[in-house]
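Here is how the chains run, residue by residue.
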Number of protein chains: 2
Amino acid sequence: MNRERALEAAAPFITPLAVVDEEVMEGNLARMAAVAAGHRVALRPHAKTHKSAEVARRQMAHGAVGLTAATLVEAEVFAEAGIADLLVAHPPVGTAKLRRLEALAGRVKRLAVSLDDVGVAESIPPAVEVLWEVDTGLHRIGTAPGAQTVAAVRRLVAAISAARFRGLITHAGHAYASTDQAQRRQAAEEESAGLTDTAEMLRAEGIEVRERSVGSTPTAGLALHPGITEMRPGTYVYGDANQVTLGSQRLEDCALAVVATVVSNPAADRAVIDAGSKALSADLRVSGLDGYGIVVGNERLCVARLSEEHAVVTGPGRTGLAIGDRIAIIPAHACTTVNLHPSLLIVPREGTPRWQAVDARGWR
Amino acid sequence: MNRERALEAAAPFITPLAVVDEEVMEGNLARMAAVAAGHRVALRPHAKTHKSAEVARRQMAHGAVGLTAATLVEAEVFAEAGIADLLVAHPPVGTAKLRRLEALAGRVKRLAVSLDDVGVAESIPPAVEVLWEVDTGLHRIGTAPGAQTVAAVRRLVAAISAARFRGLITHAGHAYASTDQAQRRQAAEEESAGLTDTAEMLRAEGIEVRERSVGSTPTAGLALHPGITEMRPGTYVYGDANQVTLGSQRLEDCALAVVATVVSNPAADRAVIDAGSKALSADLRVSGLDGYGIVVGNERLCVARLSEEHAVVTGPGRTGLAIGDRIAIIPAHACTTVNLHPSLLIVPREGTPRWQAVDARGWR
């Protein structure tokens, strides 16, 4: 994040606003594409981070095989943007969603969903392939690696045919609970081994697992076992303070910041800015991250408290901030911060900044 | 919240979606109007909760004198909706905001801002009145009650004239840190007494304090001292699980819920739904609230963990939930939850539900 360039681009506008350093973002896209190519796995970025048709097209230009979406609205927006190969990584349940899914299947070349229930799989339109979700440690959705998954996939294949079973999928979200590099690597190991070991067991039973899909930014490229076919990191495109704290992304590779203005200076050690929990998300903060973000170029400051449209910024002894000063904050969690903004100000290395819509917010 | 009516109205739509029980909301509007009338204070609701032109008009129909806004976009949307008396309760800093503020002043009958710096006050357009912010315990913006505020207002009046000084304002946001009713009442006492005592000191110096404006939903009507002229509660319109936990609103007076569908059932004591931190805000949870909301009609369930588009719902021993079931969740914090939704489904007592836009999201 080039602080000077970001603040200059933001100068004509009221704050808070979210800015993206285009050069840094492009570096992230290229770097993750190289990681995937180096491991000979396909890259299917999770687009929930950016919810942007423009960023989706850039990821495809960098060699992604297709995109991952979390919601039908995201998938519909990306289909509209010309992305022909989509995975909706969320079980579609209920007639309203299934109708939308069927319509979507008619508009793209290749569509899959991930799920963990044979009954849900049986309700999926025939044109849609299925990835079975394995729980490699997050304990959210999925069956345990090994025998439990083997038994479930056996039932799945009997219900929907081997042709529609694309493979196994997992997300090592528990990597976000890591407090050191050994734990992060451990989560990556569990993610890869959970899929490849189970896939071998299925192959021994005569069930082919064409896809073994893993993915998160903290585990990306950390422990890609032979046999893994696809990775689905999302946050890497913008990076955030959580990734920096986890050690999975460098501070200089954070491309997204929220620019805010100091509006009050009630004490030497406390300044108040005009960005709160409606501009900087408050949901996910990893162990070791102090406050709600990192102030670019002034890491001794702490975004200590969020109200809805105010944040209290503290400093050791004094903040050094004056009313009217602007600061750029790398948010704790990029994905939910982007979701708060109707559009982001894209700041190119040279030339004129431009607004980019966060196209795929909401669910309707 | 009439659970059956809400779920029936939501049935044709994909989840997550946010629903409002119109009858319950109307009850909240009438009840708060009666509290204000009973104490003979003006009601100037904080519209950041709903960000809706339609709800703004209803509040005016219930006798509100005008509205409070947190952002210029909110104030602009409400001006467009015909609200003629607006308070922007946030210091407007920077030329871009001041330009917008000046344009806004030309479109309404009466406009004020709150702030805590004489330099900021001097930059405000002449048509805009000023309320001075007193810090009665939140320790965000403002000067301490008593001598510190008296000295500051003396400087303010010298700078912008007594005519443009409308009065004192405070927000007892520290009421949200209460762990019992005594603490909540204490916050309300501090809020009222901080303003009225300081106003008397100013009057003794010959400075008239026309407005003494307090407000939060947890302190509303709890300790309105004689001399208080105006109250600015916001959350009461919809209510939320924080208010229920604080004891400042009854569960049956919560008008807003997020409807979600069970999409996975990986363990007897764990179900996964399709509403996460992009549908249910994760920012403010008061002491004593277990999880991210209250499941209407099934309070033994806990919305224990939020991912972006998933939540893990747990129950003691077993959840009793099956894939396809829908649940309605009273969110922890209504204001930031509403801000996540492009529109809300308004469910009337009789007749057809309709969508209501959350008009005033964002800042541009």
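About the thresholds
- Residues numbered from 1 in each chain as written.
- Chains lettered and ligands numbered in written order.
- Predicted model: local features only at pLDDT ≥ 70, side-chain atom pairs only at ≥ 80, totals over all residues.
- Heavy atoms only, no water.
- Buried < 20%, exposed > 50% of the residue type's maximum accessible area, 1.4 Å probe, protein only.
- Helix = DSSP H or I, 4+ residues; strand = E, 2+ residues; numbered from the N terminus.
- Contact = heavy atoms within 4.5 Å.
- Polar contact = N/O pair within 3.5 Å; in protein donor to acceptor, adjacent residues only side chain to side chain.
- Least-squares fit on C-alpha atoms with pLDDT ≥ 70 in both.
- Pairing = 2+ DSSP bridges.
- Axes fitted to C-alpha atoms, helices over the stretch in contact; angles between N-to-C directions.
- Phe/Tyr/Trp six-rings, centres within 6.5 Å; stacked < 30°, edge-to-face > 60°.
- Lys NZ or Arg CZ within 6 Å of the ring centre and 35° of its normal.
- Domains from an automatic or database assignment.
- Buried area = accessible area lost by both parts, 1.4 Å probe.
- Salt bridge = Lys/Arg side-chain N within 4 Å of Asp/Glu carboxyl O.
- Nonpolar A, V, L, I, M, F, W, Y, C, P; charged D, E, K, R; others polar.
- Disulfide = S-S within 2.5 Å.
- Parallel < 35°, antiparallel > 145°, perpendicular 65-115°, else oblique.
- Left-handed = near helix turned anticlockwise from the far one by under 90°.

Next up on the list: helix α3 (residues 53–61) of chain A. Residue and element names in this part refer to chain A. Inspection of α3 places Ala-53, Val-55, Ala-56, Arg-58 and Gln-59 among the buried residues, and these make up the whole buried set. Here the buried face of α3 lies against α2 (22–38), β3 (67–69), α4 (72–80) and β17 (354–357). The N-cap of α3, judged by a side-chain oxygen 3.2 Å from the amide nitrogen of Glu-54 a few residues on, is Ser-52. Backbone geometry just after α3 places Gly-63 at a positive phi near 100 degrees.

Mapping chain A onto chain B leaves a residual RMSD of 0.0 Å; the transformation is a rotation of 180 degrees accompanied by 0.0 Å of translation along its axis. Read as a symmetry element, the transformation amounts to a two-fold axis. When the interface residues of chain A are mapped onto chain B, 100% of them again fall at the interface, so both copies present the same face.

Glancing now at the sheet that holds strand β4 (residues 85–88) of chain A. Residues and elements named next belong to chain A. Overall, parallel pairing links the eight strands, which are arranged β2-β9-β8-β7-β6-β5-β4-β3 in an open sheet. Of all the strands in the sheet, the pair left with one neighbour each is β2 (42–43) and β3. For β2 and strand β9 (residues 230–231), the ladder comprises two bridges, and the chain directions are parallel. Bridge assignment links Ala-42 to a residue of β9, and that residue is Glu-230. Those strands touched by helix α8 (residues 181–204) are β7 (165–169) and β8 (211–214), and its axis lies near 165 degrees from that of β8.

Further remarks concern the packing of aromatic side chains. Applying the stated criterion to the full structure yields two aromatic pairs over all chains. Taking the centre distance of 5.0 Å and the plane angle of 80 degrees together, the rings of B:Phe13 and B:Trp355 count as edge-to-face. Within this pair, whereas B:Phe13 is found in the loop between α1 (3–10) and β1 (17–21), its partner B:Trp355 is found in strand β17 (residues 354–357), the two being separated by 342 residues in sequence. The ring of A:Tyr292 has A:Arg285 lying over it, and the distance from NZ or CZ to the ring centre is 3.8 Å.

Residue and element names in this part refer to chain A. On domain assignment, one finds that chain A holds domain 1 (3–19 + 249–357) and domain 2 (22–237). Computed over C-alpha atoms, the centres of domain 1 and domain 2 are 32 Å apart. Residue-level contacts link 21 residues of domain 1 with 21 residues of domain 2. Counting the surface lost from both domain 1 and domain 2, the interface buries some 1500 Å², and carbon and sulfur atoms represent 49% of this. On the domain 1 side of the interface with domain 2, the three residues burying the most area are Gln-249, Cys-335 and Gln-356, jointly 28% of the side's total. The tally of links between domain 1 and domain 2 comes to five salt bridges. For Arg-31, the salt bridge identified is with Asp-253, shortest N-O distance 3.5 Å. For the pair domain 1 and domain 2, the interface holds nine residue pairs in polar contact (both at pLDDT 80 or more). Every element with two or more residues in the side of domain 1 that touches domain 2 is listed here: α10 (334–338), β16 (343–347) and β17. Here the residues of the side of domain 1 that touches domain 2 sort into eleven nonpolar, four polar and six charged.

Two residues of an α-helix separated by three or four positions point the same way, owing to the 3.6 residues in each turn. Residues and elements named next belong to chain B. Within the sequence span of α1, burial applies to Arg-5, Ala-6, Leu-7, Ala-9 and Ala-10. Residues of α1 that are buried make contact with β1, α2 (22–38), β10 (256–267), β15 (326–331) and β16 (343–347). Sitting at the amino-terminal end of α1 is Asn-2, which places a side-chain oxygen 3.2 Å from the backbone nitrogen of Glu-4.

Taken residue by residue, the interface counts 61 residues in chain A and 61 residues in chain B. Across the chain A/chain B interface, buried area totals approximately 5000 Å², and carbon plus sulfur atoms make up 58% of it. It is A:Ile14, A:Arg140 and A:Trp363 that lose the most area in chain A upon contact with chain B, and together they represent 18% of the buried surface on that side. Counting the contacts that link chain A with chain B gives six salt bridges. Of the charged contacts, one joins A:Asp274 and B:Lys97 as a salt bridge, the two residues approaching to 2.7 Å between their closest N and O atoms. Viewed at the interface, chain B and chain A are joined by 30 residue pairs in polar contact (both at pLDDT 80 or more). For the side of chain A that touches chain B, the secondary structure elements donating two or more residues are α5 (95–105), β10 (256–267), β11 (270–273) and α10 of chain A. If you tally residues by element for the side of chain A that touches chain B, the top one is β10(A), at five residues. Residue classes in the side of chain A that touches chain B are distributed as 25 nonpolar, 17 polar and 19 charged.

Another point: the sheet that holds strand β3 (residues 67–69) of chain B. The pairing of strands in a sheet comes from backbone hydrogen bonds and takes either a parallel or an antiparallel form. All names here are of chain B. Ordered in space as β2-β9-β8-β7-β6-β5-β4-β3, the eight strands form an open sheet in which the pairing is parallel. The sheet is open, and its two edges are formed by β2 (42–43) and β3, each paired on a single side. As paired elements, strand β6 (residues 129–133) and strand β7 (residues 165–169) share four bridges and run parallel to each other. When the sheet's bridge partners are listed, Val-130 is paired in β7 with Phe-165.

Taken as a whole and assessed by the stated rule, the structure comprises zero disulfides over all chains. Residue B:Cys254 stays outside any disulfide, its sulfur separated by 12 Å from that of B:Cys335, the closest cysteine.

Residue and element names in this part refer to chain A. It is at 9 Å that the axes of helix α7 (residues 147–160) and α8 come closest, and there the two elements cross at 50 degrees. Judged by the inter-axis angle, α7 sits oblique to α8. Relative to α8, the crossing made by α7 is right-handed. Of the residues in α8, those touching α7 at Ala-147, Thr-149, Val-150 and Val-153 are Thr-198, Met-201 and Leu-202. Among the residues forming the contact of α7 with α8, the class breakdown is five nonpolar, two polar and no charged.

Right, let's talk about the side chain of B:Gln59 for a bit. All names here are of chain B. Along the chain, Gln-59 turns up in helix α3 (residues 53–61). A relative accessible area of 3% means that Gln-59 is categorised as buried. In this view, Gln-59 contacts Leu-29, Pro-45, His-50, Ala-64, Leu-67, Tyr-236 and Val-237; residues no more than four positions away in its chain are not counted.

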